[in-house]
Amino acid sequence: MPPLHWLLISILALALLWMLWRYVSLRRKIDSYARALRRVSESQRPSAELSADTQHIETLSSAVQTLMERYESRLENLQTETARLAAILDQITDGVLIVDEEGTIQMSNPGAEKLFGENLVGRSVIAALRHHQLVEIWRKARRRGEPQSESLELPNSRRFLQLTAIPDPVTGSSLLMVQDLTRLRRLETVRRDFISNVSHELRTPLASLKALVETLTDGALEDPPAARRFLARIQTEVDALTQMASELLELTRIESGQVPLQIQPVSPSQLLCSAADRMRTQAERAGLELTVETASNLPTIPADFARLEQVLVNLIHNAIKFTPPGGQIRLYARLDGKYLRFDVSDTGVGIHPDDLPRIFERFYKADRARTKGGGTGLGLSIARHIVEAHGGKIWVESELEKGSTFYFTIPVF
């Protein structure tokens, strides 16, 4: 075969080999791009292959690179907003739930888990809320396609909740927001009871004063013995009102922290003996035995002597008031871990179990206390705030017709 033919065949073979190499190279680059795009579609970062040598596919490379840069920017913005929303939801004390159209919880925040338990995601909203009225609010919102809100009390837990359900007509999902109004309801109850109690306490002395003044005006002034008797009763009622106003003012100042404690080392024995000496005459007049007992080698406590003595005097006064003649009142102190515990026990009529949870409320007095007509109902509330200001706590144990024991603790260190 002539050399020219061999030359042509060689050139043709080289051309075919070059075209095959170009095809394989291009196919390899396209496969590399495909793999990189698949990784990006699976939420991975763009691969370095996207920025490789793209001499032969410049247009495709440029378009894909621009697309990936925009995708990455939007992904970062979405992640930032998601993190910000998650942080906000974590700090919100109200419960927040997102429920899909099938009634399955897709997202919950710590507030919701505190109300309904942990691991709510993936559970049915019916099983998570566990109350038909709450579930009915969610169903009503889905059925009507508009937000629904309702407040209700859960009978088992005694909680007051407000549930707001906001449906999404496009996706069929719903946003549930739950507020725990229990504390607000209790504060409202305390405020209402306080107003009622103040009105009750003021009505009796004011009515008595009005009747006494009218009697004097109608002619009792002309009868000196009767006038002096009526004036003495007026003085008694005015003293009672003055005491009530003074105790209310003191209680308000203690609650607001406007009464600084004069902290100094206090001997428990000296404190008990001082309070007992102040009330001993009153106890003897009532026919009661008042004794003081302390454990040996008690440490001193950092406290305001005058304020803690006031606590003990209030407790002893209550014991005297509700202990029949011939009874006993015992004061005791002992070390209890990191606290020093004081006991004031009596052999009196005791406190009804229904009254025990509210005995330290302002103006709260059991029926038997009202019938005896003494006190303003503020002494125990003042005692509680003084003890709590010292970092301690106060409580009572009682049994009807067997007596009561009031305890309070003060930190030793």
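Since the structure is predicted, the reported quantities are computational estimates derived from the model, not experimental observations. (Residues numbered from 1 in each chain as written. Predicted model: local features only at pLDDT ≥ 70, side-chain atom pairs only at ≥ 80, totals over all residues. Heavy atoms only, no water.)

**Q** Hey, could you run me through the sheet that holds strand 12 (residues 403–411) in this one?
**A** Whether parallel or antiparallel, the strands of a sheet pair through hydrogen bonds between backbone atoms. Reading across the sheet, the five strands line up as 7-9-10-12-11 and stay open at both edges, with mixed pairing between neighbours. Bordering the open sheet on either side are strand 7 (289–294) and strand 11 (394–399), each of which pairs with just one other strand. Averaged over neighbouring strand pairs, the angle between their axes works out to 15° when direction is ignored. The strands touched by helix 11 (residues 379–389) are strand 11 and strand 12; relative to strand 12, the strand with the most contacts, the crossing angle is about 25°. (Pairing = 2+ DSSP bridges. Helix = DSSP H or I, 4+ residues; strand = E, 2+ residues; numbered from the N terminus. Axes fitted to C-alpha atoms, helices over the stretch in contact; angles between N-to-C directions. Contact = heavy atoms within 4.5 Å.)

**Q** Would you mind showing me how to read the packing of aromatic side chains here?
**A** Aromatic rings considered in pairs are described by the distance between their centres and by the relative angle of their planes. Per the stated rule, a full pass over the model turns up three aromatic pairs. The cationic tip of Arg 229 hangs over the ring face of Phe 230; the distance from NZ or CZ to the ring centre is 5.7 Å. Sitting above the plane of the Trp 395 ring, Lys 393 keeps its charged end 5.3 Å from the centroid. (Phe/Tyr/Trp six-rings, centres within 6.5 Å; stacked < 30°, edge-to-face > 60°. Lys NZ or Arg CZ within 6 Å of the ring centre and 35° of its normal.)

**Q** Looking at this structure, I do not really get the environment of Ser 398. What am I missing?
**A** Take Ser 398: it is sitting in strand 11. Judged by relative accessible area, Ser 398 falls into the partly exposed class, the value being 22%. Along the chain, Ser 398 and Ile 351 lie 47 residues apart, while their C-alpha atoms are 5.7 Å from each other. Looking at Ser 398, its side chain comes within polar contact range of the main-chain oxygen of Gly 403, at 3.3 Å. A polar atom in the side chain of Ser 398 sits 2.7 Å from the side chain of Ser 404. (Buried < 20%, exposed > 50% of the residue type's maximum accessible area, 1.4 Å probe, protein only. Polar contact = N/O pair within 3.5 Å; in protein donor to acceptor, adjacent residues only side chain to side chain.)

**Q** Would you mind showing me how to read the pairing of strand 4 (residues 159–167) here?
**A** Side chains on a regular strand alternate between the two faces of the sheet. Pairing geometry for strand 3 (residues 148–154) and strand 4, over seven bridges, is antiparallel. When the sheet's bridge partners are listed, Leu 154 is paired in strand 4 with Arg 159. Connecting strand 4 to the next strand, strand 5 (residues 174–180), in antiparallel fashion are six residues, including Gly 172 with a positive phi near 85°.

**Q** Is there a simple way to explain the sheet that holds strand 2 (residues 105–108) in this structure?
**A** In spatial order, the strands read 2-1-5-4-3; together these five strands make up an open sheet with antiparallel pairing. Two strands close off the open sheet at either side, each with one partner strand: strand 2 and strand 3. Strand-to-strand twist in this sheet, taken as the mean axis angle between neighbours without regard to direction, amounts to 20°. Running at roughly 170° to strand 3, helix 5 (residues 132–144) makes contact with strand 1 (95–99), strand 3, strand 4 and strand 5 of the sheet.

**Q** Explain the pairing of strand 9 (residues 328–336) to me, please; I cannot follow it from the model alone.
**A** Relative to strand 9, strand 7 runs parallel, the two sharing six bridges. Note on strand 9: the bridge partner recorded for Thr 294 is Ala 333. Where strand 9 meets strand 10 (residues 339–346), eight bridges bridge the pair, whose relative direction is antiparallel. Pairing of Leu 335 across the sheet is with Leu 340, part of strand 10.

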